[in-house]
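# Architecture at a glance
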Amino acid sequence: MQTTLGRNLLLFAERWPQTFAMGISAPCVVAGDVLAQQMELKFDGKDLGQVDTRRVGSVFCWAVGYLGFAQYNIYLRLVDPVFTIQRFGTRLSPLLKSVACNAIVTPFINVPLYYLWSTTRLPPAEWDLSESIGALKREWAMSSASGIALWGPAQYFNFAYVSVPMRIPFMSSVAFVWSLIISLQAQFGNVRPVKMGAH
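Figured I'd write up the structure that's included with this text. (Residues numbered from 1 in each chain as written. Predicted model: local features only at pLDDT ≥ 70, side-chain atom pairs only at ≥ 80, totals over all residues. Heavy atoms only, no water.)

## Section: helix H3 (residues 53–82)
- The first and last C-alpha atoms of H3 sit 40 Å apart over 30 residues, in line with the 44 Å expected at 1.5 Å per residue.
- The largest bend in H3 is about 30°, located at tyrosine 75.
- The N-terminus of H3 is capped by aspartate 52, whose side-chain oxygen sits 3.2 Å from the backbone nitrogen of arginine 54. (Helix = DSSP H or I, 4+ residues; strand = E, 2+ residues; numbered from the N terminus. Expected span 1.5 Å × (residues − 1). Bend = angle between axes of the 7 residues up to and from the residue. Polar contact = N/O pair within 3.5 Å; in protein donor to acceptor, adjacent residues only side chain to side chain.)

Here it is in structure tokens:
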């Protein structure tokens, strides 16, 4: 049964990779955020079991729209055609892809978009892009550096060893772990780190 289910998922991923990416990225990232919320509640001394549904909705839309759709197409239509194995070889090609993503996509696309999108976690009447832009200016360097530190090696592995249909699901699983890591870091620091999705 499990083998059949796994085989069917792989077949679905190969036949409809974009749909599969969007369908897998959302539950992975949302699950990580919900668990992170529980860890934050425990850290703050509050009762467990509470879930910020507006935050979950915001994370869900981010996972589907950015991870499942935009990032899939960045990989497939921008990164892959430029840094091909034919041009750079099997060792250099994934390294160059990872460097390109972390030198350009992470700091100049992913991080700014994430900060601008983060205001949607508030009620619509409280949305304030100017506050999001201010937070982006203050925290851009640290957020970009911490993102690159994790996502750089993850993306190298992704490009080197993971098939195209499974790339976004793999990165979504890393995003799940990332949500837990930053919540654990918050328990030992004075300032709660900024949460970011996969890059």
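The discussion continues.
## Here we look at the packing of H3 against helix H5 (residues 129–161)
- Contact geometry for H3 and H5: axes closest at 13 Å, N-to-C directions at 85°. Judged by the angle between their axes, H3 and H5 are roughly perpendicular. In contact with Tyr75, Val79 and Asp80 of H3, H5 contributes Gln155, Asn158 and Phe159.
- In terms of residue class, the contact of H3 with H5 is made up of 3 nonpolar, 2 polar and 1 charged. (Axes fitted to C-alpha atoms, helices over the stretch in contact; angles between N-to-C directions. Parallel < 35°, antiparallel > 145°, perpendicular 65-115°, else oblique. Contact = heavy atoms within 4.5 Å. Nonpolar A, V, L, I, M, F, W, Y, C, P; charged D, E, K, R; others polar.)

## A look at the pattern of salt bridges
- The tally for this structure, following the rule as stated, stands at 4 salt bridges.
- Residues aspartate 33 and arginine 55 are paired through a salt bridge, measuring 2.9 Å at the closest nitrogen-oxygen approach. Within this pair, whereas aspartate 33 is found in helix H2 (residues 17–43), its partner arginine 55 is found in helix H3, the two being separated by 22 residues in sequence.
- Residue class for aspartate 33 comes out buried when judged on its relative accessible area of 3%.
- By relative accessible area, which is 10% here, arginine 55 ends up buried.
- The shortest N-O distance in the salt bridge between aspartate 80 and lysine 97 comes to 2.9 Å. With a gap of 17 residues between them, aspartate 80 in helix H3 and lysine 97 in helix H4 (residues 85–117) connect regions that are remote in the sequence. (Salt bridge = Lys/Arg side-chain N within 4 Å of Asp/Glu carboxyl O. Buried < 20%, exposed > 50% of the residue type's maximum accessible area, 1.4 Å probe, protein only.)

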